[in-house]
Amino acid sequence: EAMSGHLRDWVMNGEIDLALLYDNSDIGDCSSSLLMTEDLWFYAAADDWPFDAAPGTSIDLGEALNTDLVLPSERHGLRRFVDRVARAEKLLPRVSIEMDSLPQIKKLVARGSGYTIISPAAMHDMVEDGSLVGSPIANPNLTRDIYLVRSAAIQVTRAIRKCEDTCRHVVADLINRDIWKAALIE
């Protein structure tokens, strides 16, 4: 488990066999298949919601980007994605803290040190325990693709195929249970 920038490097170098990545460009000879699409949400501490609209209600991208954001550095796919969409909309994200550790981002947001834009699956545990609240982002929706990427450094064996199948099954289960707010690609 790591941020997508690290996973991409590891799968390309053959340090790991498979990875779920949000971007299948610049992956060398690795193979990839589109697995699902997911929406990104805005998150805040339960006692620090910055908008008039209640949590769970869609908020505009411009409003989300105008808060003190805690995001990964520009090396990571999430940050590049948010920056790319912001540029396309002629908006500038207000990033107050760059942090390349998901657990630390979650802790900072939960204690009210900022806000973040991230996958609901990454925040599910803290939403469930009531420490975080979130809303989908609209105008535009922040939707990104997720790929199952296989290292080119490995031999494709029956075991690798079984791991890929298991990964697809687990992802489908998480989507069906609404833990991962995504649309599975059949």
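Everything below is about the structure printed above this text.
Small disclaimer: the values here were computed from a predicted structure and weren't measured.

Visitor: A description of the overall build of the protein should follow, citing residues and the corresponding values.
Guide: What the protein contains, in helices and strands, is 6 helices and 10 strands. For a compact globule of 186 residues, the expected C-alpha radius of gyration is about 16 Å, and the protein comes in at 17 Å, within 12% of that figure. In the protein, 74% of the contacts between residues at least 6 apart in sequence involve partners at least 24 apart. In the form shown here, the protein has an accessible surface area of approximately 9,600 Å², with 47% of it arising from carbon and sulfur atoms. Across the protein, the mean location of the 19 positive side-chain charges is 5 Å away from that of the 29 negative side-chain charges.

Visitor: Could you give an account of the pattern of salt bridges, with specific residues and numbers?
Guide: Applying the stated criterion across every chain yields a total of 12 salt bridges. Between Arg-79 and Glu-98 there is a salt bridge, with the nearest N and O atoms lying 2.9 Å from each other. In this pair, Arg-79 sits in helix 3 (residues 77-88) while Glu-98 sits in strand 6 (residues 95-98), placing the two residues 19 residues apart along the sequence. On the basis of relative accessibility, which here comes to 6%, the residue Arg-79 falls in the buried class. Of the residues examined, Glu-98 reaches a relative accessible area of 45% and is grouped as partly exposed.

Visitor: Hey, could you go over the packing of aromatic side chains for me, with residue numbers and the actual values?
Guide: All chains considered together, the criterion is met by 5 aromatic pairs. With a centroid separation of 5.5 Å and 25° between ring planes, the pair formed by Phe-42 and Tyr-115 is classed as stacked. Taken as a pair, Phe-42 in strand 3 (residues 41-45) and Tyr-115 in the loop between helix 4 (102-110) and strand 7 (116-118) lie far apart in primary sequence, 73 residues in all. Each member of the pair, Phe-42 as well as Tyr-115, is classed as buried. Relative to Phe-51, the ring of Trp-49 lies with its centre 5.5 Å away and its plane at 80°, an arrangement referred to as edge-to-face. Among the aromatic residues, those joined into a ring-pair cluster are Phe-42, Trp-49, Phe-51 and Tyr-115. The lysine or arginine in question, Arg-144, covers the ring of Tyr-22, its NZ or CZ lying 3.2 Å from the ring centre.

Visitor: Give me the sheet that holds strand 7: which residues, what numbers.
Guide: If you walk across this open sheet you meet the 4 strands as 4-8-3-7, and the pairing is mixed. The strands lining the two open edges of the sheet, one partner per strand, are strand 4 (59-60) and strand 7. Inspection of the sheet shows strand 4 paired to strand 8 (residues 132-138) by 2 bridges, in the parallel sense. By the bridge assignment, Ile-59 is partnered in strand 8 with Ile-137.

Reading the values: rules and limits
Residues numbered from 1 in each chain as written. Predicted model: local features only at pLDDT ≥ 70, side-chain atom pairs only at ≥ 80, totals over all residues. Heavy atoms only, no water. Helix = DSSP H or I, 4+ residues; strand = E, 2+ residues; numbered from the N terminus. Rg over C-alpha atoms; globule rule 2.2 N^0.38 Å. Contact = heavy atoms within 4.5 Å. Areas by Shrake-Rupley, 256 points an atom, 1.4 Å probe, with all protein chains shown as cover. Lys, Arg positive; Asp, Glu negative; His and termini not counted. Charge placed at Lys NZ, Arg CZ, Asp CG, Glu CD. Salt bridge = Lys/Arg side-chain N within 4 Å of Asp/Glu carboxyl O. Buried < 20%, exposed > 50% of the residue type's maximum accessible area, 1.4 Å probe, protein only. Phe/Tyr/Trp six-rings, centres within 6.5 Å; stacked < 30°, edge-to-face > 60°. Lys NZ or Arg CZ within 6 Å of the ring centre and 35° of its normal. Pairing = 2+ DSSP bridges.

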